[in-house]
Amino acid sequence: MPHATAPDGTRIAYQAEGTGAPLVLLAGQANTHRWWDPVRADFHAARRTVTLDYRGTGDSDKPRDEYSTRQFADDTVAVLDDLGVDRADVYGTSMGGRVAQWIAVRHPDRVRRLVLGCTTPGGPHSVPRDEAVSRSLARATPREAARILLDLMYTPAWLEGRHGPWTTIGDPDMPVYARRRHFTASERHDAWDALPRITAPTLVVHGTDDTFNPAANAPLLADRIPGARLHLLPGARHAYFEEFHAVASPLVLGFLDAPADA
């Protein structure tokens with residue numbers, strides 16, 4: 001497993017698969033690169049996909065200091081440096097979308113096109129999830145939390161008859177302290193003031209039935225980022241990229257492959 005070295009010396013495990021122009025895929029909070037396992041191959045006909053295990057997860061180092069979405073963004077750029085990739089397309093979902101925002105803001109020369117999925121600008125201008133959802137997760141046992149998360153991620157029709165393994169409900173081997181630091185990093189994200197500085201062509205994607213990260217955040221992002229496009233997927237919940245991949249993956253590839261003035 002190759003590792004890049006972040007600016008603070010933390011070792012970040014990463015994975016590169018396929019051939020073609022590089023596409024960075026960024027996972028959700030407290031998840032490893034496995035988040036993308038069910039759909040990663042959708043992109044390999046045209047792209048070399050690059051993923052990473054966030055600090056605190058998977059095969060990356062797990063320092064005890066505080067984490068932030070800005071720091072995760074710098075970790076991602078360290079991975080690109082290690083691979084010798086000067087410029088890439090970046091597709092971030094959930095917390096990965098928060099991280100992707102900072103990559104585009106802090107390292108604009110490294111981002112060709114940007115896709116922000118099921119994410120939020122954060123801070124007081126964002127639309128928070130219902131408090132009942134947060135309370136239920138906070139009070140749940142691990143087994144109960146997994147059930148709640150699955151319901152937030154997928155529609156009942158899609159879950160029926162499926163028994164996993166589930167790649168989107170967290171790294172089971174993650175230390176408790178690192179899980180808390182991921183939660184704090186995600187909750188403290190606030191890129192509102194910086195979003196107008198994004199220069200990369202941007203696509204915002206969200207499921208209309210997402211209550212984990214309310215769909216009302218999608219037009220906020222699209223309106224705040226100059227020239228951004230918005231696409232809502234009817235009936236989709238938080239893990240639209242998996243359940244609705246037959247629509248979502250071609251949508252993303254079509255955006256990434258579109259002419260510069262399209």
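Residues numbered from 1 in each chain as written. Predicted model: local features only at pLDDT ≥ 70, side-chain atom pairs only at ≥ 80, totals over all residues. Heavy atoms only, no water.

## Examining the overall build of the protein chain
Link 1 in the chain: Secondary structure summary: the protein chain contains nine helices and eight strands in total.
Link 2 in the chain: Its C-alpha atoms give the protein chain a radius of gyration of 17 Å, near enough to 18 Å, the size a compact globule of 262 residues would have.
Link 3 in the chain: Along the three orthogonal principal directions, the C-alpha set of the protein chain runs to about 45 × 40 × 35 Å.
Link 4 in the chain: Here the protein chain holds 262 residues, and the buried ones make up 55% of them.
Link 5 in the chain: Contacts spanning at least 24 positions in sequence make up 76% of the contacts within the protein chain whose residues lie at least 6 apart.
Link 6 in the chain: When the accessible surface of the protein chain is split by element, carbon and sulfur atoms take 51% of a total near 11300 Å².
Link 7 in the chain: Of note, the protein chain has its 29 positive side-chain charges centred 2 Å away from the centre of its 33 negative side-chain charges. (Helix = DSSP H or I, 4+ residues; strand = E, 2+ residues; numbered from the N terminus. Rg over C-alpha atoms; globule rule 2.2 N^0.38 Å. Buried < 20%, exposed > 50% of the residue type's maximum accessible area, 1.4 Å probe, protein only. Contact = heavy atoms within 4.5 Å. Areas by Shrake-Rupley, 256 points an atom, 1.4 Å probe, with all protein chains shown as cover. Lys, Arg positive; Asp, Glu negative; His and termini not counted. Charge placed at Lys NZ, Arg CZ, Asp CG, Glu CD.)

## A word on the packing of aromatic side chains
Link 1 in the chain: Within the structure shown, the criterion is met by ten aromatic pairs.
Link 2 in the chain: Judged by centre distance (5.4 Å) and plane angle (45 degrees), the rings of Trp36 and Phe241 are tilted. Residue Trp36 is located in the loop between β3 (21-26) and β4 (47-52), and its partner Phe241 is located in helix α8 (residues 240-243); the two are separated by 205 residues in the primary sequence. For the pair shown, Trp36 and Phe241 are each scored as buried.
Link 3 in the chain: Relative to Phe72, the ring of Tyr54 has its centre 5.0 Å away and its plane inclined at 45 degrees; by these criteria the two rings are tilted. Pair noted here: Tyr54 is in the loop between β4 and α1 (69-83) and Phe72 is in helix α1, with a separation of 18 residues, a long-range link. As far as burial versus exposure is concerned, Tyr54 and Phe72 are alike and both buried.
Link 4 in the chain: Members of the aromatic cluster, joined through ring pairs, are Trp35, Trp36, Phe43, Tyr91, Tyr240 and Phe241.
Link 5 in the chain: Just above the ring of Phe255 sits the side chain of Arg113; from NZ or CZ to the centre is 5.1 Å.
Link 6 in the chain: Cation over ring: Arg162 sits above Trp158, and NZ or CZ is 4.0 Å from the ring centre. (Phe/Tyr/Trp six-rings, centres within 6.5 Å; stacked < 30°, edge-to-face > 60°. Lys NZ or Arg CZ within 6 Å of the ring centre and 35° of its normal.)

## A few points about the side chain of Thr119
Link 1 in the chain: Structurally, the position occupied by Thr119 is in the loop between β6 (111-117) and α3 (131-139).
Link 2 in the chain: The class for Thr119 is buried, based on a relative accessible area of 1%.

## Thoughts on α1
Link 1 in the chain: With 15 residues, α1 extends 21 Å from end C-alpha to end C-alpha; this agrees with the ideal 21 Å at 1.5 Å per step.
Link 2 in the chain: For α1, a buried count of twelve out of 15 residues is recorded, marking the element as mostly surrounded by other parts of the structure. (Expected span 1.5 Å × (residues − 1).)

## Description of the sheet that holds β6
Link 1 in the chain: Strand order in the open sheet made by the eight strands is β1-β2-β4-β3-β5-β6-β7-β8, with mixed pairing throughout. Both edges of this open sheet fall to β1 (3-5) and β8 (229-233), since each of them pairs with a single strand only. Pairs of neighbouring strands in the sheet enclose a mean axial angle of 25 degrees, with direction left out of account.
Link 2 in the chain: Bridging between strand β2 (residues 11-17) and β4 involves four bridges; their strand directions are antiparallel. (Pairing = 2+ DSSP bridges. Axes fitted to C-alpha atoms, helices over the stretch in contact; angles between N-to-C directions.)

## Quick notes on the pattern of salt bridges
Link 1 in the chain: For the coordinates displayed, the defined rule picks out ten salt bridges.
Link 2 in the chain: For Glu17, the salt bridge identified is with Arg40, shortest N-O distance 3.7 Å. Here the residue Glu17 occupies a position in strand β2, and Arg40 occupies one in the loop between β3 and β4, the gap between them amounting to 23 residues.
Link 3 in the chain: Of the charged contacts, one joins Asp89 and Arg47 as a salt bridge, the two residues approaching to 3.3 Å between their closest N and O atoms. One end of the pair, Asp89, is in strand β5 (residues 88-93); the other, Arg47, is in strand β4, and 42 residues separate them in sequence. (Salt bridge = Lys/Arg side-chain N within 4 Å of Asp/Glu carboxyl O.)

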